[in-house]
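# Coordinate inspection notes
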Amino acid sequence: MARRVLRRGRDAAPGDLRADADQRIAAGTLLLWEDGDGRVASLAGASPAIAGMSRIGPVYTPRERRGRGYASALTAAASAHARARGAAEVLLYTDLANPVSNAIYQRIGYVPVGDSVYVAFR
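Residues numbered from 1 in each chain as written. Predicted model: local features only at pLDDT ≥ 70, side-chain atom pairs only at ≥ 80, totals over all residues. Heavy atoms only, no water.

## Topic: the pairing of strand E1 (residues 30-34)
We count it as follows: Two strands are said to pair when DSSP picks up at least two bridges between them. Only DSSP runs of H or I reaching four residues or more are called helices, and only runs of E reaching two or more are called strands; each is numbered from the N terminus.
Across five bridges, E1 lies against strand E2 (residues 40-46) in antiparallel orientation. What sits directly across from Leu 32, in E2, is Leu 43. Hairpin remark: E1 followed by E2, antiparallel, with five residues in the connecting loop; positive phi at Gly 38, about 80 degrees.

## Structural notes on the sheet that holds strand E4 (residues 89-92)
The condition is simple: Structural elements are reduced to axes, namely lines fitted to C-alpha atoms, with helices fitted over the stretch in contact, and the angle between N-to-C directions of any two is expressed from 0 to 180 degrees.
Spatial strand order, E1-E2-E3-E4: four strands in an open sheet with mixed pairing. Of all the strands in the sheet, the pair left with one neighbour each is E1 and E4. Each strand axis lies, on average, 25 degrees off the axis of its neighbour in the sheet, ignoring direction. Relative to strand E3 (residues 53-60), E2 runs antiparallel, the two sharing three bridges.

## Here we look at helix H3 (residues 70-84)
Worth spelling out the cut-off: Between the first and last residue of a helix there are one fewer steps than residues, each counted as 1.5 Å, and that sum is the expected span. Relative accessibility thresholds used throughout: buried, under 20% of the residue-type maximum; exposed, over 50%; partly exposed, between the two (1.4 Å probe, protein chains only). The arc under discussion is defined with respect to the helix axis, by the directions toward the C-beta atoms. Whether two residues touch is decided by their heavy atoms; if any such pair falls within 4.5 Å, the residues are in contact.
For H3, spanning 15 residues, the distance from its first C-alpha to its last is 21 Å, which sits close to the expected 21 Å at 1.5 Å a residue. Taken residue by residue, H3 has Tyr 70, Leu 74, Thr 75, Ala 78, Ser 79 and Ala 82 as its buried positions. Looking down the long axis of H3, one finds its buried residues gathered within 155 degrees of arc, a one-sided arrangement. Set apart from the buried face of H3 by more than 90 degrees, the exposed residues are Arg 83 and Ala 84. On its buried face, H3 is in contact with E1, E2, E3, E4 and helix H4 (99-107). Gly 86 sits one or two positions beyond H3 and adopts a positive phi of about 110 degrees.

## Some words on H4
This is how it is decided: The term polar contact refers here to a pair of N or O atoms within 3.5 Å; inside protein, the definition further demands a hydrogen-donor-capable atom paired with an acceptor-capable atom, and it admits residues adjacent in sequence only when both atoms are side-chain atoms.
Residues of H4 that are buried include every one of Ser 101, Asn 102, Ile 104 and Tyr 105, and no others. Buried residues of H4 fall within an arc of 160 degrees about the axis and therefore sit on the same side. More than 90 degrees from the buried face of H4, the exposed residues found are Pro 99, Val 100 and Arg 107. Against the buried residues of H4 lie E3, H3 and E4. Among the residues of H4, the N-terminal cap falls to Asn 98, whose side-chain oxygen and the backbone nitrogen of Val 100 are separated by 3.2 Å. Backbone geometry just after H4 places Gly 109 at a positive phi near 115 degrees.

Geometric values such as these leave the question of function open.
Below you can see the structure in the form of structure tokens.
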């Protein structure tokens, strides 16, 4: 899943990404944490509920701002926001090789339910 998001980011024109972000912010499906200077410190998204389920993503904090709890707080807020907007279940795909994010997600209430793999055939 993450591979597709990253590929889209590289291939899309910057204006398209900005328009997409603006649209998601207006729709309430992308939350931003801005610092005192108005710079984005972190972001977290939650898809609209479909069949009672919402998916968290993307979650991103610039490297220089990591370790301050921004993404943890935003992920928890995006999850609560998704529930308030009608999601009975909130899903989050994570990288099994990242113990930091996995520990954070479990601390804010997520429980592992399964593993998956992304395979691209050439």
